[in-house]
Amino acid sequence: MKVHEKYIKRCIQLAKNGIGKTYPNPMVGSVVVHEGKIIGEGWHQKAGDAHAEVRAIHQVKNEELLSKSTIYVSLEPCSHFGKTPPCSDLIIAKGIKNVVIGTVDPFAKVAGNGIKKLMEAGCNVTVGVLEKECQELNKRFFTFHQKQRPYIIIKFARTKDNFIAPINQNQKKPVWISNAFSKQWAHRLRAREQAILVGTNTALKDNPSLSTRLWYGEHPIKVLIDAKLKVDLTSEIFKDNQKVIVFTEDPKKGYTQKHIEYFKIDFKKNVPEQITKVLYANNIQSLIVEGGTRTINSFIASNLWDEAYEIIGAKKFESGIAAPKVKGNLNKEFELADNLIKLYVND
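Now for a quick tour of the structure. Only a predicted model underlies this, so the values are computations on that prediction, with no experimental measurement involved. (Residues numbered from 1 in each chain as written. Predicted model: local features only at pLDDT ≥ 70, side-chain atom pairs only at ≥ 80, totals over all residues. Heavy atoms only, no water.)

## A few points about the overall build of the protein chain
Step number 1: Scanning the protein chain from N- to C-terminus turns up ten helices and 16 strands.
Step number 2: Since a compact globule built from 347 residues should have a radius of gyration of about 20 Å, the 23 Å found for the protein chain is in line with a globular shape.
Step number 3: Expressed along its principal axes, the backbone C-alpha trace of the protein chain runs to roughly 70 × 45 × 30 Å.
Step number 4: Across the 347 residues that make up the protein chain, the buried fraction comes to 52%.
Step number 5: Here the analysis covers contacts within the protein chain between residues at least 6 apart in sequence; of these, 69% occur between residues at least 24 apart.
Step number 6: Counting only carbon and sulfur atoms, one obtains 48% of the accessible surface of the protein chain, whose full area is about 17100 Å².
Step number 7: Of the charged side chains in the protein chain, 52 are positive and 36 negative, and the gap between their average positions amounts to 3 Å. (Helix = DSSP H or I, 4+ residues; strand = E, 2+ residues; numbered from the N terminus. Rg over C-alpha atoms; globule rule 2.2 N^0.38 Å. Buried < 20%, exposed > 50% of the residue type's maximum accessible area, 1.4 Å probe, protein only. Contact = heavy atoms within 4.5 Å. Areas by Shrake-Rupley, 256 points an atom, 1.4 Å probe, with all protein chains shown as cover. Lys, Arg positive; Asp, Glu negative; His and termini not counted. Charge placed at Lys NZ, Arg CZ, Asp CG, Glu CD.)

Below, the structure written as structure tokens:
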């Protein structure tokens, strides 16, 4: 089993190269091993492209070795036709008899069917090697399919004296609490996730672009809670033609633009629940909640969050809007110059 763990660890390493790029597909890594040597490896790079197993198999220079090799993969090989053919069929066709899998795929169209197909073809299949690590790798994908909602990450910055913003903020730009390093780290976080959400007050007071301008990567889909459509279309959130989803009382009052989509929700009912249902229906697997205290607390109160990043800056406001209170388990903390970042998980 230790030998298997060694190669599944390599699969996980490879899979991480695809973080933020494979949506709506999971991150997957694969290696082909012959007599203790990796002779082919690959990872899923983006939706519609070749899967990890395909890339690993095609990297093997001498195909005659495949029948004497073991293929390792962090997630169960697919068994259905999507944008690409089933990976389980390719493994069988190439005569690979030994297959080691990190974890079962939760997606209904796979969910054990890939394993079943391999076993029925006479393959020796081992499942559950570093299973927890492989599920953690694809926590967004697993949450989406098992809980029918996106994986939700709360992120906010607060002062040393526990304020998220000053009471009076006249300028239409943010009052920064985090330092330059924390800002860049936050943009790295944005590049990894599929969507990012703010409320009306944050959009009006801070006028954020919600982009990844300080880090390489795709801009996330922007999500705005704006019941009365107070946020003007000249605001930064609407400017770069990146998709924007707006939750409002009356979408008919919204202006029609190609990159803006309006959804009507009932603001007298649980808003986070309604939002997560719409995002799930639109195949959005992960969401950063970056709104103000009111927005963040609504997700906390609804128990709709998985991780929370709290950035503690060096500033003090003496008075202001109180920061959200996250009641989770402290998972880790680290410093970025004079900022302290704490990660809480909702167990």
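That covers the picture; the talk isn't over yet.
## Remarks on the sheet that holds strand 5 (residues 124-127)
The strands that make up a sheet are held in pairs by hydrogen bonds between backbone atoms, and each pair lies either parallel or antiparallel.
Step number 1: Across the sheet, which stays open at both edges, the five strands sit in the order 2-1-3-4-5 with mixed pairing between neighbours. Edge positions in the sheet fall to strand 2 (37-43) and strand 5, since each has one partner strand and no second. Between one strand axis and the next, the sheet turns through 15 degrees on average, direction left out of account.
Step number 2: Pairing between strand 4 (residues 98-103) and strand 5: four bridges, direction parallel. Opposite V99, over in strand 5, you have V125 as the bridge partner.
Step number 3: Sitting on the sheet, helix 1 (residues 2-15) touches strand 1 (29-34), strand 2, strand 3 (70-75), strand 4 and strand 5, and the angle it makes with strand 1 is about 140 degrees. (Pairing = 2+ DSSP bridges. Axes fitted to C-alpha atoms, helices over the stretch in contact; angles between N-to-C directions.)

## Notes on helix 1
Step number 1: Over its 14 residues, helix 1 extends 20 Å from the first C-alpha to the last, a length consistent with the 20 Å expected when each residue adds 1.5 Å.
Step number 2: For helix 1, the set of buried residues is Y7, I8, C11, I12, L14 and A15. Projected down its long axis, helix 1 shows its buried positions confined to an angular sector of 160 degrees, all on one face. Along helix 1, exposed side chains directed more than 90 degrees from the buried face belong to K2, V3, K6 and K9.
Step number 3: On the buried face of helix 1, the contacting elements are strand 1, strand 2, strand 3, strand 4 and helix 5 (131-137). (Expected span 1.5 Å × (residues − 1). Arc of directions from axis to C-beta.)

## Examining the packing of aromatic side chains
Step number 1: This model, assessed by the stated rule, comprises five aromatic pairs.
Step number 2: Pairing F144 with Y280 gives two aromatic rings, centres 4.7 Å apart and planes at 40 degrees, and the pair type is tilted. Residue F144 is found in helix 6 (residues 139-147), and its partner Y280 is found in helix 9 (residues 271-281); the two are separated by 136 residues along the sequence.
Step number 3: For Y280, a relative accessible area of 29% translates into the label partly exposed.
Step number 4: Ring-pair connections join several aromatic residues into one group, and the members of that group are W185, Y309 and F334. (Phe/Tyr/Trp six-rings, centres within 6.5 Å; stacked < 30°, edge-to-face > 60°.)

## Comments concerning the pattern of salt bridges
Step number 1: Taken as a whole, this structure holds 16 salt bridges when the rule is applied.
Step number 2: Close ionic contact of R55 with D49 constitutes a salt bridge, the shortest N to O distance being 3.8 Å.
Step number 3: Assessed through its relative accessible area of 26%, R55 is described here as partly exposed.
Step number 4: One salt-bridge network, held together by shared partners, links E136, K139 and E307. (Salt bridge = Lys/Arg side-chain N within 4 Å of Asp/Glu carboxyl O.)

## As for helix 6
Step number 1: When you tally the buried positions in helix 6, you get seven out of nine residues, the bulk of the element.
Step number 2: Along helix 6, the residues classified as buried are K139, R140, F141, F142, T143, F144 and H145.
Step number 3: Downstream of helix 6 by a residue or two, Q148 has a phi angle that is positive, lying close to 55 degrees.

## Details of empty space enclosed by the protein
Step number 1: Applying the stated criterion across every chain yields a total of one cavity of 30 Å³ or more.
Step number 2: Taken together, 14 residues make up the lining of the largest cavity; nearest its centre are T22, Y23, M27, N138 and R140.
Step number 3: Here the lining of the largest cavity is built from residues that sort into six nonpolar, five polar and three charged. (1 Å grid on protein atoms, 1.4 Å probe; cavity = no way out; pocket = protein on both sides within 12 Å on 5 of 7 lines; lining within 4 Å. Points joined across faces, edges and corners; volume = space filled by probe spheres on them. Nonpolar A, V, L, I, M, F, W, Y, C, P; charged D, E, K, R; others polar.)

## Points about the side chain of R140
Step number 1: Mapped onto the elements of the fold, R140 is located in helix 6.
Step number 2: Here R140 falls in the buried class, since its relative accessible area comes to 9%.
Step number 3: A polar atom in the side chain of R140 sits 3.4 Å from the side chain of Y23.
Step number 4: For R140, the residues in contact, after removing those within four places along its chain, are I19, Y23, M27, Y151, R192, E193, Q285 and S286. (Polar contact = N/O pair within 3.5 Å; in protein donor to acceptor, adjacent residues only side chain to side chain.)

## Description of the layout of surface pockets
Step number 1: Within this model, the largest pocket holds a volume of roughly 1200 Å³.
Step number 2: Those elements giving two or more residues to the lining of the largest pocket turn out to be strand 6 (151-158), strand 7 (163-165), helix 7 (180-192), strand 8 (195-199), helix 8 (200-206), helix 9 and helix 10 (293-301).
Step number 3: Each residue belonging to the lining of the largest pocket can be placed in one class, and the counts come to 22 nonpolar, 15 polar and twelve charged.
Step number 4: When contributions to the lining of the second largest pocket are tallied by element, the ones reaching two or more residues are helix 5, helix 6, strand 6, helix 7, strand 13 (307-312), strand 15 (329-336) and strand 16 (339-345).
Step number 5: In terms of residue count, helix 6 provides more of the lining of the second largest pocket than any other element does, six residues in total.
Step number 6: Of the residues contributing to the lining of the second largest pocket, the split by class is twelve nonpolar, five polar and 13 charged.

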